[in-house]
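Descriptive analysis of the structure
Residues per chain are reported as follows:
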Amino acid sequence: MSKINENNPVIGYWMSERKRQKLNWSEFGKVCRYSGFELVKIDLERPLEGQGPFSVILHKLTEFIARNDQQAISLIKSVENYINSHPEIVVIDPIESVKILLDRYRSYGIIARSRLNDIDVFTPIYVELTSNNIAENIKKLQTYGVSFPFICKPYVAQGTNDCHKMALIFNEKSIVDCKPPCVAQSFVNHNALLFKVFVVGDEYQVVERPSLKNFYPSDRSTIFFDSHNVSKSDSSSQLSILDPEDQAYVPRIDDKKLKTIVSVLREELNLTLFGIDIVVENETGRHAIIDINVYPGYDGFPNFFNSLMNCIKKKLMEKHKNLTAENRINKTFLNCSVKVETKLEQDDSGFDTCDSSDERKHRQLISSTSINSKMNTVSKKIVNRT
Ligand SMILES: Nc1ncnc2c1ncn2[C@@H]1O[C@H](COP(=O)(O)OP(=O)(O)OP(=O)(O)O)[C@@H](O)[C@H]1O
Ligand SMILES: O=P(O)(O)O[C@H]1[C@H](O)[C@H](O)[C@H](OP(=O)(O)O)[C@@H](OP(=O)(O)O)[C@@H]1O
């Protein structure tokens with residue numbers, strides 16, 4: 001394990017050039033220098049081992065994780081191997097956790113199985129469509145209770161050109177417009193208002209964004225759209241213009257529920273940087289989580305870089321504390337095991353204790369067992385103290 005240079009900790013990062021520009025990432029470099037950190041862009045063309053040591057690795061590698069070609073797979077594998085051989089590094093965010101969120105079906109399942117149902121927070125009914133057989137898909141949609149209209153979303157949630165291309169389907173004859181493999185999710189009327197929650201470690205902020213207007217089952221043809229034309233802060237899609245009879249009502253998010261949503265998902269997802277898209281169902285006021293994103297754009301999050309730096313410092317302190325506790329436990333075990341070996345050697349020292357060999361073995365077993373139980377007590381005490 002390479003020693004971290006605690007006097008000049010290095011944050012290694014990688015994200016697309018597009019994201020660097022959108023975030024104005026050079027400003028974060030100033031925040032890092034002010035806080036005594038060095039910010040270094042990781043060169044994915046070279047082995048990571050020679051580029052460290054890093055205190056933190058911050059990445060958005062979704063475009064490589066989302067690909068299934070050999071080059072991308074081996075790149076991600078090499079990053080995972082490096083991270084696994086350096087447990088001292090804070091990783092934002094763990095690649096395994098990112099992989100789950102790139103799969104819409106899996107991420108909806110996490111919400112559906114979470115305790116958020118206890119507070120009437122839900123993900124709209126959804127089903128995966130893997131077949132091109134229309135009759136099979138109609139039956140599956142009926143069996144799972146996906147109602148019209150529903151949205152067909154690509155399986156892969158981020159990192160590809162098509163992951164934001166969607167279809168709003170209003171009737172059975174239009175099911176042919178689904179492009180499996182995809183996820184079909186019942187549409188929830190929410191008066192074209194989306195609550196985008198940006199999470200940075202223990203902090204979160206909510207921004208309001210335009211969304212889709214209310215839609216109802218009909219014989220109208222499918223609406224194809226790109227989500228990035230609908231719900232960006234500067235989006236002005238025709239699909240967001242409410243009908244006159246809907247304009248009076250403005251949905252409101254429940255702050256208490258929101259706090260629980262963030263806390264539950266932070267735990268379930270094991271992520272530091274993520275976005276949660278919430279709509280409030282018109283008729284019931286129920287909160288529906290329609291999407292979760294890895295490392296979103298944080299557009300509208302005040303002082304994002306300061307919050308990011310504070311989060312990094314906090315995670316470094318937690319990592320240091322855990323590693324210290326681990327080292328103390330290991331040292332204690334080492335001391336104890338040295339004592340055990342010494343004691344066992346003494347017993348086997350050849351001095352004639354007049355014990356039979358069976359008695360000697362029995363005594364050795366008792367002494368090592370009692371020392372092991374002492375070690376367990378010691379480690380519990382150390383862990384509780386940290
Ligand atoms: N179940 C739903 N009910 C109502 N509207 C929905 C539903 N799912 C998606 N939408 C609408 O479609 C938009 C895009 O959906 P979604 O967030 O799943 O796509 P996305 O490509 O992951 O978007 P982004 O990456 O910007 O978060 C949402 O902002 C919302 O306006
Ligand atoms: O409006 P937000 O911040 O949610 O927009 C995000 C979007 O949700 C996706 O996370 C995008 O990631 P990709 O799907 O991989 O493109 C983000 O793009 P990015 O270039 O900022 O990573 C959007 O910001």
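Residues numbered from 1 in each chain as written. Chains lettered and ligands numbered in written order. Predicted model: local features only at pLDDT ≥ 70, side-chain atom pairs only at ≥ 80, totals over all residues. Heavy atoms only, no water.

1. A look at the site of ligand 1
Looking at ligand 1, there are 25 residues lining it, with His164, Ser211, Ser227, Ser231 and Asp291 nearest. At a separation of 2.7 Å, an oxygen atom of ligand 1 approaches a polar side-chain atom of Ser227. The contact in question runs from an oxygen atom of ligand 1 to an N or O atom on the side chain of Ser231, over 2.6 Å. Of all the elements in the fold, those that place two or more residues in the shell around ligand 1 are strand E7 (150-154), strand E9 (182-186), strand E10 (193-200) and strand E14 (287-294). Here the shell around ligand 1 takes three residues from E14, the largest share from any one element. Partitioning the shell around ligand 1 into residue classes produces 10 nonpolar, nine polar and six charged. (Near = heavy atom within 4 Å. Polar contact = N/O pair within 3.5 Å; in protein donor to acceptor, adjacent residues only side chain to side chain. Helix = DSSP H or I, 4+ residues; strand = E, 2+ residues; numbered from the N terminus. Nonpolar A, V, L, I, M, F, W, Y, C, P; charged D, E, K, R; others polar.)

2. Things to note about the site of ligand 2
The local shell around ligand 2 holds 17 residues, among which Lys60, Gln158, His164, Lys232 and Gly297 are the closest. Residue Lys60 places a side-chain N or O atom 2.6 Å away from an oxygen atom belonging to ligand 2. One of the backbone nitrogen or oxygen atoms of Gly159 is found 3.2 Å away from an oxygen atom of ligand 2. If ligand 2 stood free it would expose 490 Å²; the protein chains cover 94% of that surface. Those elements that place two or more of their residues in the shell around ligand 2 are helix H1 (17-23) and E10. The dominant element in the shell around ligand 2, judged by the number of residues it contributes, is H1, at three residues. (Areas by Shrake-Rupley, 256 points an atom, 1.4 Å probe, with all protein chains shown as cover.)

3. With respect to the pairing of strand E1 (residues 10-14)
E1 sits mainly inside the fold: five of its five residues count as buried. Burial of the side chains of E1 extends over both faces: Val10, Gly12 and Trp14 are buried on one face and Ile11 and Tyr13 on the other. Relative to strand E2 (residues 38-41), E1 is paired through four bridges, and the arrangement is parallel. Residue pairing in the sheet places Val10 in a bridge with Glu38 of E2. The sheet contact formed by E1 and strand E3 (residues 56-59) spans four bridges and is parallel. Bridge pairing in E3 places Ile11 opposite Val56. (Buried < 20%, exposed > 50% of the residue type's maximum accessible area, 1.4 Å probe, protein only. Pairing = 2+ DSSP bridges.)

4. Some thoughts on the pairing of strand E11 (residues 203-210)
In the sheet, E10 pairs with E11 via eight bridges, with the strands oriented antiparallel. The residue bridging Phe195 from the neighbouring strand is Glu208, located in E11. The antiparallel hairpin formed by E10 and E11 contains two residues in its connecting segment, where Gly201 sits at a positive phi of about 60 degrees.

5. Brief notes about the environment of Asn161
Its place among the elements puts Asn161 in the loop between E7 and strand E8 (165-169). Residue classification places Asn161 among the exposed residues on the basis of a relative accessible area of 71%. Distance in space between the C-alpha atoms of Asn161 and Glu63 is 9.4 Å, their sequence separation being 98 residues.

6. What to know about the confidence of the model for the protein
Per-residue confidence for the protein averages 90 on the pLDDT scale, and 85% of its residues sit at or above 70. Reported for the predicted complex are a pTM of 0.86 and an ipTM of 0.96. (pLDDT = per-residue confidence, 0-100.)

7. Quick notes on the packing of aromatic side chains
Overall, the coordinates contain 18 aromatic pairs when judged by the stated rule. Ring geometry for Trp25 against Phe28: centres 4.7 Å apart, planes inclined by 40 degrees, an arrangement best described as tilted. For Trp25, a relative accessible area of 3% puts it in the buried group. Ring plane angle 75 degrees and centroid distance 5.7 Å describe the contact between Phe187 and Phe215, whose orientation is recorded as edge-to-face. Of this pair, Phe187 sits in the loop between E9 and E10 while Phe215 sits in the loop between E11 and strand E12 (223-226), and the two are 28 residues apart along the sequence. (Phe/Tyr/Trp six-rings, centres within 6.5 Å; stacked < 30°, edge-to-face > 60°.)

8. Here we look at the layout of surface pockets
In this model, the second largest pocket occupies a volume close to 660 Å³. Lining of the second largest pocket is provided by 28 residues; of these, Val90, Val91, Pro94, Asn270 and Lys315 occupy positions nearest its centre. Taken together, the elements giving at least two residues each to the lining of the second largest pocket come down to helix H4 (70-84), strand E4 (90-92), helix H5 (95-102) and helix H9 (304-347). Its residues placed into classes, the lining of the second largest pocket shows 10 nonpolar, eight polar and 10 charged. (1 Å grid on protein atoms, 1.4 Å probe; cavity = no way out; pocket = protein on both sides within 12 Å on 5 of 7 lines; lining within 4 Å. Points joined across faces, edges and corners; volume = space filled by probe spheres on them.)

9. Here's the deal with the nonpolar core
Counting residues in each nonpolar core, the largest one holds 73 residues, and the members touching the most others are Trp25, Leu265, Ile276 and Ile289. Among all residues touching Ile276, those that are not within four sequence positions of it are Phe195, Lys196, Val197, Val199, Ile261, Val262, Leu265, Ile289 and Asp291. Within the second largest apolar cluster, 13 residues are counted, among which are Ile138, Phe150, Cys182 and Ala184. (Core = buried A, V, L, I, M, F, W, Y, C linked by side-chain atoms within 4.5 Å. Contact = heavy atoms within 4.5 Å.)

10. Some details on the side chain of Asn191
Of note, Asn191 is situated in the loop between E9 and E10. Given the relative accessible area of 6%, Asn191 is considered buried. Those residues in contact with Asn191 that sit more than four places away from it in its chain are Asn214, Leu242, Asp246, Tyr249, Pro251 and Asn282.

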